[in-house]
Amino acid sequence: MTITANSQLSNVFSQNLESIPSKTDGSLATLGAELVYTQDGAGRYLTFCWQHSELLGLNTEKIVDELNQTQTFAPVDKVIYLERLHRILTSLVPERFQCWFSYQQELFELELVISPIMPSLGTTATTVLVMGRLVQATLNKKQVPVASKTPTQIEVAIRAQQHQKVVNRITRNIRRTLDLDIIWQQTVDSLGKALRLERCIICPYQSSSSKVEVKAEYHQAVLKSMLGLEIDIVSEPAFAQALTTLEPVVMQVPGYAQSGQQKTLVIATCYQDQANGLVALSWQDECYTLTESELELAKEAADQLGTAIAHATLYEELEVARQKAEEASRLKSEFLANVSHEIRTPLNGMIGFLKLILEGMADDPEEQNQFLSEAHQLSIHLLNIINDILDIAKIEAGKMELTYAPVKLDELFHDVEGFMRPQAEMRNLGFQMQMPPTSDEIIVQSNYQRLLQVMLNLVGNAIKFTHEGGVTVSADLVLKKANFQDQQFPGMVKVRVADTGIGVSLDKQDKLFQLFSQVDGSRTRHYGGTGLGLAISQKLVEAMGGEVHFYSLGEGLGSTVTFTVPLYQQPVMVSSNDGDSTSSAEC
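Only a predicted model underlies this, so the values are computations on that prediction, with no experimental measurement involved. (Residues numbered from 1 in each chain as written. Predicted model: local features only at pLDDT ≥ 70, side-chain atom pairs only at ≥ 80, totals over all residues. Heavy atoms only, no water.)

Student: Explain the overall build of the chain residue by residue, including any values.
Tutor: In terms of helices and strands, the chain carries 13 helices and 24 strands. Across the 587 residues that make up the chain, the buried fraction comes to 44%. Taking all contacts inside the chain whose residues are at least 6 apart in sequence as the whole, residues at least 24 apart take part in 64%. Summed over all atoms, the accessible surface of the chain reaches about 31100 Å², with 52% contributed by carbon and sulfur. (Helix = DSSP H or I, 4+ residues; strand = E, 2+ residues; numbered from the N terminus. Buried < 20%, exposed > 50% of the residue type's maximum accessible area, 1.4 Å probe, protein only. Contact = heavy atoms within 4.5 Å. Areas by Shrake-Rupley, 256 points an atom, 1.4 Å probe, with all protein chains shown as cover.)

Here's what the structure looks like:
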């Protein structure tokens with residue numbers, strides 16, 4: 001309802017002024033307002049129609065017949081009201097305002113729009129048309145002491161209307177967005193402002209958690225915010241009861257009310273009979289008791305919110321799944337591009353060297369042997385790439401079968417050093433292999449070929465990404481009993497590969513072990529590789545009962561990769577004090 005609209009209504013109304021009865025007229029209800037009446041300049045009612053008249057026991061005919069001095073339904077401040085009435089009649093400009101009226105033992109706050117009924121040409125306005133609605137109703141404490149909190153009929157009707165409007169507003173807001181943060185905040189704001197609450201909070205709920213977090217809040221300025229607070233469900237009886245029964249719970253919750261005596265209404269939001277959130281509304285204890293119809297409205301609002309949470313959550317999950325699928329597709333495309341390059345490079349080299357030999361381009365047998373050697377090295381490199389691809393395919397298909405047997409750690413280290421030291425020395429890097437001091441052999445339970453593959457992968461990466469400094473490979477004993485494949489082992493061997501290379505930034509380290517993922521595409525083009533080495537190593541180590549971890553303080557600060565394998569038998573450690581052989585203790 002706008003002032004312009006009411007001005008138009010007053011113009012139309014004035015055309016039939018002669019036909020307006022001097023008492024109440026049911027046709028006033030057709031104007032669409034909750035409250036409609038007409039008055040003269042002295043404030044006397046000419047007509048009167050109000051939807052809540054019967055609930056109040058208000059005799060509208062008596063109101064129209066009464067003289068202004070004895071009106072029972074009148075403005076609390078008659079002087080100001082009449083001054084405004086005279087101003088409107090003089091200026092012929094409608095006004096909107098809120099005003100308190102009294103009737104018997106109750107006070108009513110009304111929102112009114114008063115429009116002058118336009119007079120005939122050459123005459124002055126003497127009558128106004130008033131349209132409005134009830135904002136709130138309270139007991140008149142000046143006249144009657146407050147002894148009961150039981151709501152009157154008019155209060156019940158008004159509050160029911162207010163709550164229904166809130167539910168409708170919440171429903172409209174929910175349909176406009178799937179953003180949960182927006183839905184939650186709009187809901188608490190709507191409830192808090194419309195119901196004049198002390199506080200209103202929303203907490204999403206998951207059955208796997210014993211706590212809920214306050215995600216959205218409305219509160220009075222004098223209260224301390226609870227936003228972000230975690231609430232233990234077990235310690236809050238109202239929360240636990242609402243989640244269990246899915247029914248509204250009215251009670252005082254310890255720790256929730258922070259300002260004076262308050263009551264709290266707790267409602268569980270749910271979808272398909274499964275709770276997914278909690279709404280808590282707090283108000284001053286001086287307010288009257290909530291009615292059954294109001295509890296039903298509150299439950300209806302919670303049901304709407306529960307459905308919205310379920311739909312928004314599903315949308316978020318679908319969006320995350322879509323993004324992951326798109327990322328996986330992108331990574332696979334990037335991986336295929338890298339792999340095709342990695343395969344073509346050695347293959348082209350092999351073809352080139354063999355073609356030189358076949359075309360007699362070698363100057364002598366020595367140069368021919370050199371061409372053959374280069375082609376052989378490239379074929380081995382190509383075979384390793386193909387083996388990586390086949391290995392990851394087997395792992396992904398769950399067809400990687402490993403046989404386990406005792407493996408001597410010193411033999412494994414010796415073979416790794418034989419493969420890797422020449423590569424490190426070619427790049428002018430230091431290379432060290434360190435074994436823990438023991439008087440007997442260290443034996444692990446593993447698969448030798450796969451364990452060798454893991455170590456060559458990790459050490460090869462360390463050498464490839466290190467420009468100066470060196471690479472250190474060491475082993476430590478962790479003598480704490482471990483179980484693998486229904487067997488108990490005396491401990492684990494932790495192998496550590498540390499380098500002084502380019503390192504990895506902290507925000508990119510989570511990509512290292514993802515399939516088809518490389519930390520930086522530019523690095524791949526510069527250093528080569530398929531990006532499968534670490535992923536394969538992790539899968540193999542886990543299949544052999546161990547774990548892989550990566551550590552780096554950032555770019556340019558080097559890297560350390562560790563992995564563990566079960567210790568087959570506990571070795572005898574060499575004492576650092578006197579060189580005597582002693583049994584190792586747990587560490």
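Student: Give me the lowdown on the environment of threonine 307, citing residues and values where you can.
Tutor: Locating threonine 307 in the fold gives a position in helix H8 (residues 292-358). Assessed through its relative accessible area of 28%, threonine 307 is described here as partly exposed. When near neighbours in sequence (up to four residues on either side) are disregarded, threonine 307 contacts Cys270 and Tyr271.

Student: Can you break down the pairing of strand S21 (residues 548-551) residue by residue, with the values?
Tutor: Along S21, the buried face is formed by Val548 and Phe550; none of His549 and Tyr551, which line the opposite face, is buried. The pairing of S21 with strand S22 (residues 559-567) spans four bridges and is classified as antiparallel. By the bridge assignment for S22, tyrosine 551 is matched with threonine 560. (Pairing = 2+ DSSP bridges.)

Student: Can you break down the nonpolar core residue by residue, with the values?
Tutor: If you look at soluble globular proteins, the nonpolar side chains tend to sit buried side by side. Among the nonpolar cores identified, the biggest contains 47 residues, and Phe431, Val473, Val493 and Phe563 are the most heavily contacted of them. With eight residues, helix H11 (residues 448-464) is the largest single contributor of residues to this core. With sequence-adjacent residues up to four places away left out, valine 473 is seen in contact with Phe413, Phe431, Gln432, Met433, Gln434, Met455, Val459, Val495, Arg496 and Val497. Leu35, Tyr37, Leu85 and Leu112 belong to the second largest nonpolar core, which has 26 residues in total. (Core = buried A, V, L, I, M, F, W, Y, C linked by side-chain atoms within 4.5 Å.)

Student: Can you tell me about the pattern of salt bridges, naming the residues and giving the values?
Tutor: Here the structure, examined in full by the defined rule, presents twelve salt bridges. The shortest N-O distance in the salt bridge between arginine 421 and glutamate 417 comes to 2.6 Å. Taken as a pair, arginine 421 and glutamate 417 lie in helix H10 (residues 409-426) at a separation of four residues, close to a single helical turn. Given a relative accessible area of 25%, arginine 421 falls into the partly exposed group. Residue classification places glutamate 417 among the partly exposed residues on the basis of a relative accessible area of 25%. Within this structure, Arg84, Arg87 and Glu95 form a network of salt bridges that share partners. (Salt bridge = Lys/Arg side-chain N within 4 Å of Asp/Glu carboxyl O.)

Student: Can you lay out the pairing of strand S2 (residues 45-50) for me, pointing to particular residues and giving the numbers?
Tutor: Side-chain positions along a regular strand alternate between the two faces of the sheet. Summarising burial for S2: five of the six residues are buried, a large majority. Across five bridges, strand S1 (residues 35-40) lies against S2 in antiparallel orientation. Looking at S2, one finds that leucine 35 is bridged to tryptophan 50. Counting the residues between successive antiparallel strands, the hairpin from S1 to S2 contains four residues, one of them, glycine 43, with a positive phi of roughly 85°.

Student: Can you break down the environment of alanine 298 residue by residue, with the values?
Tutor: Summarising the element assignment, alanine 298 is placed in helix H8. Along the backbone, alanine 298 and valine 279 are 19 residues apart, and their C-alpha atoms lie at a distance of 9.6 Å. When residues no more than four places from it in sequence are discounted, the contact partners of alanine 298 are Leu265 and Ile267.

Student: Summarise a positive patch on the surface; cite the residues concerned and give the values.
Tutor: A cluster of basic residues, Lys165, Arg169, Arg172 and Arg176, forms a positive patch on the protein surface. Counting through the fold element by element, arginine 172 comes out in helix H5 (residues 153-176). (Patch = residues over 30% accessible without salt bridge, like charges linked within 9 Å, V, L, I, M, F, W, Y side chains within 5 Å. Lys, Arg positive; Asp, Glu negative; His and termini not counted. Charge placed at Lys NZ, Arg CZ, Asp CG, Glu CD.)

Student: I'd like a description of unusual backbone geometry, backed by residues and values.
Tutor: Phi at asparagine 428 takes a positive value of approximately 60°, unusual for a residue other than glycine. Assignment of secondary structure puts asparagine 428 in the loop between H10 and strand S15 (430-434). The phi dihedral of glutamine 485 falls on the positive side, at around 55°, and the residue is not glycine. Along the chain, the position of glutamine 485 falls in the loop between strand S18 (482-484) and strand S19 (487-489).

Student: So what's going on with the packing of aromatic side chains? Residues and values would help.
Tutor: Counted by the stated rule, this structure contains twelve aromatic pairs. Centroid distance tyrosine 37 to tyrosine 45: 5.1 Å. Interplanar angle 75°. Geometry classified as edge-to-face. What makes tyrosine 45 buried here is its relative accessible area of 3%. Considering the side-chain rings of phenylalanine 73 and tyrosine 103, the 6.4 Å spacing of their centres and the 55° angle between planes classify their relative orientation as tilted. (Phe/Tyr/Trp six-rings, centres within 6.5 Å; stacked < 30°, edge-to-face > 60°.)

Student: Would you mind going over the side chain of glutamate 34 in detail, with residue names and values included?
Tutor: Tracing the sequence through the fold places glutamate 34 in the loop between helix H1 (3-15) and S1. Only 2.9 Å separates the side chain of glutamate 34 from the backbone nitrogen of leucine 134, close enough to count as a polar contact. (Polar contact = N/O pair within 3.5 Å; in protein donor to acceptor, adjacent residues only side chain to side chain.)

Student: Tell me about a negative patch on the surface, and please be specific about residues and values.
Tutor: A contiguous patch of negative charge on the surface is contributed by Asp179, Asp181, Glu316 and Glu317. Here glutamate 316 lies in helix H8. Look at glutamate 316 and you get partly exposed, because its relative accessible area is 39%.

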